[in-house]
Amino acid sequence: MRKIALRGLLARKLRLALTALAVALGVTLIAGTYIFTDTITKSFDNIFVQTNKGTDVAISPNDDLSGDEDPPPIPARVLERIKQVDGVDAAEGAVFSQGGSFRKADGSKLKGQGFNAIAGAHDVQRFESFAPTQGHLPKTADEVAIPKGTADNNNFRVGDKLQIQDAAAKKTYTISGIVTIAGTDSLGGGVIAVLTLPEAQRMTGKGDAFDEIDVAGKPGVSPATLKQRIAPIVPRNVEVRTGTEQADKQTRDIKTGFLDVLRTALLAFAGISLFVGAFLIFNTFSITVAQRTREFALLRVLGAKRKQVLRSVLGEGLVLGVVGSAVGLVLGIAVAAGLKALFRAFGADLPSTSTVIETRTIVVSLLVGTVVTLISTLAPAFRATRVPPLAALREGLSAEQRRSRFALPLAIILTIGGLAIMALGLFGGAKASAALSLMGIGAVFTFLGVAFLSPRLVGPIAGFVGAPFERFRGITGRIARENTVRFPGRTAVTAGALMVGVALVTFASVFAAGAKETISDAVHNGSRAQAVVEGSNFGSFSHEATQAVAQVPGVKEVGALRNAQAKVDGRKVGVSGIDPQTFPDLYHSDWKQGNDDVLRRLAPGQVIVTKKYAEDHSVKVGDILKVKTAKVDNLPLRVTGIIDDKGGLYSALTVSNDVIQRAFGATKDAFVLVGYDGGRSNAQTKAAIDHLLDSRFPEAEAKTNQEFIDQQEGQIDQLLSLIYALLAMAIIVSLFGIVNTLVLSISERVRELGLLRAIGMSRRQIRRVIRYEAIITAEIGAIIGLALGIVLSILVTRAIDDFKLSIPIPTLIILLIVTAFAGVLAAIIPARRAARLDVLESLAYE
């Protein structure tokens, strides 16, 4: 029976190749995701190990509640104390501060800006992680060194000029050197300006303080011993680690933060591709089992038992799963490179050294692909065991088996159960990870339920979609429509694979359209300002820029908003800081308890909470919240109002900017709303603000309300494009399903096609029939997917407070057109194959 299974596979090479490719494509993204993220993790690990290899002990601020800004720096006096510790050979402060604005000498922005930072060069060589490839590290306050990646992207050479501005005013520096960072050209594609240490402190506003202190011990003093001696003399909000521990902590922060989120998201898309591939595998084996009825019956006549037939079909699935998974694993290496290029195209140039393929990647890829393939072949395999020996005496191929009476109830149970589980994840108040898991399980059940239900929808939808073909193409259109409804279960499964992809594309499109409308309404209904100032690189910026904007002729008032993080009852919460006297005039929100006057009277020791936070944590006006910040262990704040901010501008807690600066350490502004006095035209005032920021504070830029809306919509469009690119794999797999189904159906319709040719149908007409079949099948999947995607988007958006549901009709129409075109592409190979059949051989085919 093993030989029979292998011969069964090899006898149908095209089917074998297409089905194995479907398995491979599903596994490819899983393998590529692990290779991609493991390579990035290893690259960051190498960077952190190299940057800390000369450090025995590292002293750094606790950044647990630092938020968008650097944590409060370490005072210079701490360095002096450390130098006096027994066993210390060398100790030096360091600056590595997020933010800063960098421009060319002509004022134009740099290409490839991502994570930006200003660093200070070390005097002690063993602590230095920047290595010049050209020139030298800065020696004077007028020099700067930049990463090789930045130099390459912007055609910088040693001697060129670079403008830098952060907490201090803009200054032009001479590029003294091009450097690598622990052997890499850049750190995530960002720009790091390396200045002398005193100049870095001045530019970042650190004064004489440091972001880190690096310590080297004397010979014979271990890092652990040195750590024990230093720990008692540093402030409580400072962490003391050995160099190895510091590297491990930095790697762990990357792995458990950004990379974990990235890996989870990519694996979700990989799972979608594999789920779609399962439809293809199931359909392929279902068709081939039906086509091989006489073969299985003959085996039964010759003495084969049901178990042997079952093992034969499952053996084919096992071989197919292993081969497809192995191919997918190899293709995953190329996909990892493609993912890197994709993220680079979207502005995230993540570091990567040599390709990393962990044992876990190999095991998971092979195991998942093989198991999914075997599960997909179970139903067809059991169906093969039910073929009676007498079927060997029948001529021709058996028709599709009778639909099970349990199919409809199961479809209803799965669909309703899936939607209920999704609703539980959305509205049940579970933690984020549990909620996402429930939503994923619910979505799978829903898709399966709709797939079981779809055979009953094939006839009506095929009649609707096929009507224009019958009207304008006559007999070819009619034959194509009738072929799609001949075996509704087969057509439904083929369309079901495409349904999943289209449903998710529809969901993403509807969600993006709703997000755009929500943002637009929030700005138009909430903002009373005429302009918004924000960081030019989506970061916070110096408050000096805000003060300067307030002095521009035509500006009446400004309202700055800052962001920070805190802990209440051990749980992290976001905190906003506002200017109480001006912000209510420039931004309107509804209130559950209180009014704008409560906001204007916001004093130190008081806090406003959002409606959602109050409901989730049973907080009432008058309650005292004990808040832990980056600078204060216990900050009591009395709740004076509950705000219903539909625009989402306020964080869970809102305090005055005086409090957020003093107690939270947030010194920079995230947004500034600007109101005009009407003395000059809006255009003149805006132009004056632009000139001020461009000449003195390039880290900030001003936008009108509409420009701000357009920018936010542009970011949504960029994210949507990335989602489309990742969903493309699932769409491609589903198109292979259409190809596979058509190719297999042609082999069972050889005599039919030969008869059509014999009575006068041309090769061109045969190609049209197959092409129209593919289009009708694709549109069935698209229409069902469209409806399901809209239902899912309505369900999900209802869980988001004040989210505006918007159905992008033009986008969905384009999606239907693109799906039809995809059906045409999928029909190319099957149509040619059908048209090339020999008439006489076809008529004699059994």
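It should be emphasised that the depicted structure is a prediction, and the values quoted were computed from it without experimental measurement.

Caption draft 1: The arrangement of the overall build of the chain in detail. Scanning the chain from N- to C-terminus turns up 27 helices and 22 strands. Overall, the C-alpha framework of the chain stretches about 95 × 70 × 50 Å when taken along its three principal axes. Expressed as a percentage of the 846 residues in the chain, the buried residues total 52%. Considering only residue pairs separated by 6 or more positions, the chain has 82% of its internal contacts joining residues 24 or more positions apart. About 36900 Å² of surface is accessible on the chain, with carbon and sulfur atoms providing 58% of the total. Separation of charge centres in the chain, based on 94 positive and 76 negative side chains, amounts to 13 Å.

Caption draft 2: Expanded view of the packing of helix H11 (residues 407-427) against helix H24 (residues 763-797). Closest axis-to-axis distance for the H11/H24 pair is 10 Å, and the angle between their directions is 30°. Between H11 and H24, the angle falls in the class roughly parallel. Relative to H24, the crossing made by H11 is right-handed. Seen from H11, the contacting residues are Leu 419, Met 422, Ala 423, Leu 426 and Phe 427; seen from H24, they are Leu 792, Leu 795 and Val 796. Across the contact of H11 with H24, the residue classes tally to eight nonpolar, no polar and no charged.

Caption draft 3: Inspection of the pattern of salt bridges at higher detail. Taken as a whole and judged by the stated rule, the model has 29 salt bridges. For the salt bridge of Glu 615 with Lys 592, the shortest nitrogen-to-oxygen distance reads 3.9 Å. Of this pair, Glu 615 sits in helix H19 (residues 611-617) while Lys 592 is found in strand S16 (residues 590-593), placing the two residues 23 residues apart along the sequence. Under the relative-accessibility criterion, Lys 592 is labelled partly exposed at 45%. A salt bridge links Asp 623 to Lys 620, with the nearest nitrogen and oxygen atoms 4.0 Å apart. With relative accessibility at 23%, the residue Asp 623 sits in the partly exposed group.

Caption draft 4: Region of the structure containing the sheet that holds strand S11 (residues 212-217). Judged by pairing direction, the sheet is antiparallel, and its four strands sit side by side in the order S2-S11-S1-S12 without closing on themselves. Only two strands of the sheet have a single partner each, and these edge strands are strand S2 (88-94) and strand S12 (238-242). Along the sheet, successive strands turn relative to each other by an average axial angle of 20°, direction set aside. Against the sheet, helix H6 (residues 223-230) engages strand S1 (57-61), S2, S11 and S12, with an angle of about 160° to S12.

Caption draft 5: Quick look at the environment of Thr 518. Relative to the assigned elements, Thr 518 resides in helix H15 (residues 488-526). The contacts of Thr 518, once residues within four sequence positions are left out, are Asp 802, Phe 803 and Lys 804.

Caption draft 6: Quick look at the side chain of Thr 640. Relative to the helices and strands, Thr 640 is located in strand S19 (residues 635-644). When near neighbours in sequence (up to four residues on either side) are disregarded, Thr 640 contacts Val 598, Leu 602, Gln 606, Val 607, Ile 608 and Val 621.

Caption draft 7: Local environment of a positive patch on the surface. Side chains of Arg 473, Arg 763, Arg 764, Arg 767, Arg 832 and Arg 836 sit close together on the surface and give a patch of like positive charge. Mapping Arg 473 onto the fold places it in helix H13 (residues 455-473). Judged by relative accessible area, Arg 473 falls into the partly exposed class, the value being 43%.

Caption draft 8: Highlighting helix H16 (residues 543-550). Taken residue by residue, H16 has Ala 545, Thr 546, Ala 548 and Val 549 as its buried positions. For H16, the buried positions fall inside an angular range of 165° around the axis, keeping them on one side. Those residues of H16 that are buried are in contact with strand S14 (555-568), strand S21 (671-676) and helix H21 (682-696).

Caption draft 9: Region of interest: a nonpolar patch on the surface. Together, Val 363, Leu 367, Val 371, Ile 375, Leu 378 and Phe 382 make up a nonpolar patch on the protein surface, roughly 530 Å² of accessible area in all. Within the secondary structure, Val 363 is located in helix H10 (residues 359-385). Given the relative accessible area of 47%, Val 363 is considered partly exposed.

Caption draft 10: Broad picture of the environment of Ser 576. Within the secondary structure, Ser 576 is located in strand S15 (residues 571-578). Along the sequence, Ser 576 and Arg 771 sit 195 residues apart, while their C-alpha atoms lie 58 Å from each other.

Caption draft 11: How the structure looks around the confidence of the model for the chain. Here the chain averages 85 in pLDDT, and 92% of its residues register 70 or above. Throughout residues 396-400 the model reports pLDDT below 50, and contacts reaching past four residues in sequence, or to other chains, amount to eleven contacts.

So, how was this worked out
- Residues numbered from 1 in each chain as written.
- Predicted model: local features only at pLDDT ≥ 70, side-chain atom pairs only at ≥ 80, totals over all residues.
- Heavy atoms only, no water.
- Helix = DSSP H or I, 4+ residues; strand = E, 2+ residues; numbered from the N terminus.
- Buried < 20%, exposed > 50% of the residue type's maximum accessible area, 1.4 Å probe, protein only.
- Contact = heavy atoms within 4.5 Å.
- Areas by Shrake-Rupley, 256 points an atom, 1.4 Å probe, with all protein chains shown as cover.
- Lys, Arg positive; Asp, Glu negative; His and termini not counted.
- Charge placed at Lys NZ, Arg CZ, Asp CG, Glu CD.
- Axes fitted to C-alpha atoms, helices over the stretch in contact; angles between N-to-C directions.
- Parallel < 35°, antiparallel > 145°, perpendicular 65-115°, else oblique.
- Left-handed = near helix turned anticlockwise from the far one by under 90°.
- Nonpolar A, V, L, I, M, F, W, Y, C, P; charged D, E, K, R; others polar.
- Salt bridge = Lys/Arg side-chain N within 4 Å of Asp/Glu carboxyl O.
- Pairing = 2+ DSSP bridges.
- Patch = residues over 30% accessible without salt bridge, like charges linked within 9 Å, V, L, I, M, F, W, Y side chains within 5 Å.
- Arc of directions from axis to C-beta.
- pLDDT = per-residue confidence, 0-100.

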